[in-house]
Every structure is written in C-alpha cells, then in structure tokens.
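Commentary on secondary and tertiary structure
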Protein chains: 2
Amino acid sequence: MTTTTKQHIIETASALFYQNGYNSTGVNEIISEANIAKATLYSHFRSKEEICVAYLHHMNTTFISDLKAYLSRQKQGPQRILAIFGFLQKIYNTEGFFGCWCLKTLAEISPDEQNIRQEIQGQKTALIVLIASLLKENMPNYNSTITKDISRKIYLLYESAVAESYLHQKDWPIKEAKKMCQLILEH
Amino acid sequence: MTTTTKQHIIETASALFYQNGYNSTGVNEIISEANIAKATLYSHFRSKEEICVAYLHHMNTTFISDLKAYLSRQKQGPQRILAIFGFLQKIYNTEGFFGCWCLKTLAEISPDEQNIRQEIQGQKTALIVLIASLLKENMPNYNSTITKDISRKIYLLYESAVAESYLHQKDWPIKEAKKMCQLILEH
DNA sequence: GACCATAGACAGACTTGTCAGTCTGTTATA
DNA sequence: TATAACAGACTGACAAGTCTGTCTATGGTC
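In what follows, the accompanying structure is described. (Residues numbered from 1 in each chain as written. Chains lettered and ligands numbered in written order. Predicted model: local features only at pLDDT ≥ 70, side-chain atom pairs only at ≥ 80, totals over all residues. Heavy atoms only, no water.)

Turning our attention to the environment of A:Leu157. Turning to its location among the elements, A:Leu157 is positioned in helix H8 (residues 144–168). Note on A:Leu157: relative accessible area 1%, which makes it buried. Spatially, the C-alpha atom of A:Leu157 lies 9.2 Å from that of A:Phe85, the residues being 72 residues apart in sequence. Ignoring anything within four residues of it in the chain, the contact list for A:Leu157 reads A:Phe85, A:Ala177, A:Met180, A:Cys181, A:Ile184, B:Leu157 and B:Met180. (Helix = DSSP H or I, 4+ residues; strand = E, 2+ residues; numbered from the N terminus. Buried < 20%, exposed > 50% of the residue type's maximum accessible area, 1.4 Å probe, protein only. Contact = heavy atoms within 4.5 Å.)

Written out as structure tokens, the structure reads:
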C-alpha cells in the first residue's frame, strides 16, 4: 500500500469535488481521471464519504500552509492581519477558484450527516484559532477577550469574502471585507 | 392548469431542496411528498432545473416579503437597519433553518450552469439594492456613494451570518455580524 | 336530469443511464 | 513469492424524463 497512490487519489478527487461538487462527482469519474482501478480506490478508502473527508483535510492542509507562508512574508503588525485578504485576492485570481470547499460540501450533505459536518466545523474552528494567534502576535495590546472577539469577526469577513466573490464572480466582496477588517483593527 | 397544484409542487420541492439539497432530492421524492403523479409534475415544469429556478424564486419572494414586514415594524433609523440581523436571529430559531438556499444551490451546480447561477446573482443583487433603499430611508445623511458602499458591506455581513450560523449551529455569527454592522453605521 | 367534451390529474410502466460498492482473475514489480 | 495494482464484470438501487390508458370534475347542451 503506497502513500503516493493514495495521495494521488486524494488530489484527483479534491480537484473534481472542488470544481464540480461532491454529489456530482462519481467514483467512476475519479478513477478515470486518476487513471486507477476501482479496486485500487477501494483498497485505500472504505467509502466515498471517506474520500470526502480526505478531500476536506487535503484542501485545508494546503490552504493553511499556503496562508502561513504568504503571511510570514508580510510585515508584522496590522498589515499582516489584513494580508489574509491579500492572500484571498491572490487565490481568487487563480483559475481554480470555486469558493469555499467547506460551505460547498456542507450544502450537499444531508443535515444529519455528522462525519463530514464535524470535519468542517473542526476546520473552521481551527481557522478562528489561527486568526486569534495572528492577532496575539501582531496586535499585542489586545487582551484575550478582545482577541477572541475580533478573531471571530475577521473570520466572518474572510468567509463572506470567499463565498461572495465566487458567487458574484467579482472581487469587490474581498475588497469590502478587507476595509471592514481595517475598520475593526483601527477601532 | 391550476396555479394551486403548481404552487403546491413548488412549496413541496422547496422544503425538500432547502433541507436536503437539490441533487439529493429526486423528482420521485417530490411527487411522493406532494402526493401527485409524475405526469402532473412534468405538465407544470419542463425539467428539474425549472423546478429549481421556481424554488429559488419562491424562497426569495417569501424571504423579501417577511423581511419587509418585520422591518416595517421596527423604529425608523439605524435600528431598522440593524433589525435585518434581528430578523435573521428569528429565522435562525425556527426549525427549518438550513442556511442560505442560494449558496447551497450554487454549491451543487456545475460552474458552467448559467440559468440557476443567474437567478442567484439576480437575487443577491436585489438584496443589495433593498439594503441600499433601507439606508436611503433610514440614514438620510448618507450620499449615494456611501450608500452603495455600506449596502454592500451590510450585505456581506448578513450573508456571512446566515451561512456561518448554519455551519456552526450557533448564533454567535449573527451577533458578531450585527455588532460589525453597528460599527459601520456609527463610523 | 342525462349526456358529452374537455381539462387536469392519476397510476404505473418504461427508457436509458448512472450510482456506490463488490468481486474475480490477471499483471507487474521488487 | 508477495504485494500492489489492474481490467472489467456484476449487483441492486436510483436518476430524470417519456408515455399510455384511466379517472374525475366541471361546464355546456339538449
């Protein structure tokens, strides 16, 4: 059992799920695109749902890693917080931008499907925590209550910018969200 | 051809699409739930896609009507703008709250499906216009540039509050979005 | 009141295709 | 030889949409 094949499956499935949706992507399409046999796919994953969780994991891992790398190149201070939106602007401009993979997936699963929902909620909570730690580093005069409060607000703005820029196929949501973030940091 | 049967189909399909998703709801389930024959359904709609557009229309019509009714009962001024979030808090507390039907549907369709996408974009643009007209009535010292700017910001906050309250199954996104709206109106 | 025509709706079979997952025998590589 | 992967058939279920014959309610005519 090789990690390479499994990773290849995850990457292929991720691209398909993200662009076309989870329910609209069948396992036959995944194996065809990945150029593998179905038995191979099912030797690595027990079910389509398990592939989905792996997809969510993969997207998040890549996202957090890329975001951190981008932010670490920005000047410390409020600019680094605002650079979250600069990062979003950058990925918005790539060809493969289809909005928020978590929201997309959440929309497709039934309300009582807990595995996928928990994965999504976990990722979002972790993002809020990441924003909070960014605030701690870059806005040292904030106390922990303020940090928690503002990290949630920035998270909401970021999420909105992602979803709405995809919906409208325009970047004004990113720009407006950034301005609101600025206002909050100045306040 | 009766409007009553068609409306009944739309309402049934709407409930199913909104809760379980468009792709996860089959036409067989709609006819079963609506207690009609399949031929009846296809005598009113040419395709499932057409039912989807009718669903989006229906949800939006109900939403705008309810929102306006709610807002008209609020005191004029900034409170009336902020009451958008009060309205959201109210529907969040109903049993049938499953987030934003437009975002949900957008997540399920393929990126090149234009009919549904255009309907969704149209609804969102209309919501921004509605918020702008609310600002005009209730914040008379705003000029048209400011009004346009702030309506977009409020729209983003509202959208985020809807999607994230559903995602997290908590109401803090609504409360935080309202606070940001307040900050923007005071600024 | 009886009859007829029409519109709307019904039940259910059908078509073609896809779905996720299972299984078997075969192949390639170290 | 063992492992990982392959090709492809299979299963039972479901998908959207088509079609046929039947039923019911209503309005009009005699």
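Next comes the rest of the write-up.
Unlike most non-glycine residues, A:Asn35 shows phi in positive territory, near 60°. With respect to the helices and strands, A:Asn35 occurs in the loop between helix H2 (27–34) and helix H3 (38–44). A relative accessible area of 69% means that A:Asn35 is categorised as exposed. Phi angles above zero are rare outside glycine, and B:Gln169 is one such case at about 55°. The topology assignment puts B:Gln169 in the loop between helix H8 (144–168) and helix H9 (172–186). Taking relative accessible area as the criterion, B:Gln169 reaches 45% and is therefore assigned partly exposed.

Another point: the environment of B:Leu106. Tracing the chain through its elements places B:Leu106 in helix H6 (residues 101–108). On the basis of relative accessibility, which here comes to 2%, the residue B:Leu106 falls in the buried class. For the pair B:Leu106 and B:Gln121, spaced 15 residues apart in the sequence, the C-alpha separation amounts to 9.8 Å. Apart from the residues lying within four places of it in its own chain, the contact partners of B:Leu106 are A:Tyr166, A:Leu167, B:Arg117 and B:Ile120.

Residues and elements named next belong to chain A. Scanning all chains against the criterion turns up 24 aromatic pairs over all chains. Taking the centre distance of 5.5 Å and the plane angle of 85° together, the rings of Tyr18 and Phe98 count as edge-to-face. Pair noted here: Tyr18 is in helix H1 (residues 3–20) and Phe98 is in the loop between helix H5 (78–92) and helix H6 (101–108), with a separation of 80 residues, a long-range link. The same class applies to Tyr18 as to Phe98, namely buried. (Phe/Tyr/Trp six-rings, centres within 6.5 Å; stacked < 30°, edge-to-face > 60°.)

Taken together, a rotation about one axis and a shift along it account for how the two chain copies relate. Of the transformation superimposing chain A on chain B, the axial component is 0.0 Å and the angular component is 180°, with the fit at an RMSD of 0.0 Å. Seen this way, the second copy is the image of the first under a two-fold rotation axis. Among all C-alpha atoms of chain A, that of A:Ser160 lies closest to the rotation axis, at 2.5 Å. In this assembly the copies share their binding face: 98% of the residues contributing to the interface of chain A also contribute to that of chain B. (Least-squares fit on C-alpha atoms with pLDDT ≥ 70 in both.)

Turning next to the packing of helix H4 (residues 48–72) of chain B against helix H5 (residues 78–92) of chain B. Residues and elements named next belong to chain B. As a packed pair, H4 and H5 sit with axes 9 Å apart at the nearest point and diverge in direction by 125°. Here H4 lies oblique to H5, going by the angle between them. Crossing of H4 against H5: the hand is right-handed. Along its contact with H4, which presents Phe63, Asp66, Leu67, Tyr70, Leu71 and Ser72, the element H5 presents Arg80, Ala83, Ile84, Gly86, Phe87 and Lys90. Split into classes, the residues belonging to the contact of H4 with H5 amount to seven nonpolar, two polar and three charged. (Axes fitted to C-alpha atoms, helices over the stretch in contact; angles between N-to-C directions. Parallel < 35°, antiparallel > 145°, perpendicular 65-115°, else oblique. Left-handed = near helix turned anticlockwise from the far one by under 90°. Nonpolar A, V, L, I, M, F, W, Y, C, P; charged D, E, K, R; others polar.)

This part is about H1(A). The first and last C-alpha atoms of H1(A) sit 25 Å apart over 18 residues, in line with the 26 Å expected at 1.5 Å per residue. Listing the buried residues of H1(A) in full gives A:Ile9, A:Ile10, A:Thr12, A:Ala13, A:Ser14, A:Leu16, A:Phe17, A:Tyr18 and A:Asn20. In this structure, the buried side of H1(A) is in contact with H2, H3, helix H4 (48–72) and H6 of chain A together with H6 of chain B. Looking one or two residues beyond H1(A), the residue adopting positive phi is A:Gly21, at roughly 100°. (Expected span 1.5 Å × (residues − 1).)

Let us look at the interface of chain A and chain B. Facing the 41 residues of chain A at the interface are 40 residues of chain B. When chain A packs against chain B, close to 3700 Å² is buried across both sides, 64% of that on carbon and sulfur atoms. Taken as a group, A:Leu156, A:Leu167 and A:Trp172 account for 17% of the area that chain A buries against chain B, more than any other trio of residues on that side. Scanning the region where chain A abuts chain B turns up four salt bridges. Among the ionic pairs, A:Asp149 bridges to B:Lys179, the shortest N-O distance being 3.5 Å. (Buried area = accessible area lost by both parts, 1.4 Å probe. Salt bridge = Lys/Arg side-chain N within 4 Å of Asp/Glu carboxyl O.)

Another aspect to go through is the pattern of salt bridges. According to the stated counting rule, one finds 14 salt bridges over all chains in the structure shown. For A:Glu50, the salt bridge goes to A:Arg46, with nearest N and O atoms at 2.8 Å. Among the salt bridges present, the one from B:Glu176 reaches B:Lys179, with a minimum N-O distance of 3.3 Å. Of this pair, B:Glu176 and B:Lys179 both sit in helix H9, three residues apart, which is roughly one turn of that helix. B:Glu176 gets classed as buried once you look at its relative accessible area, which sits at 5%. Overall, B:Lys179 belongs to the partly exposed group, its relative accessible area being 37%. Each of the salt bridges in this network shares a partner with another, and the network as a whole consists of A:Asp149, A:Lys153, B:Glu176 and B:Lys179.

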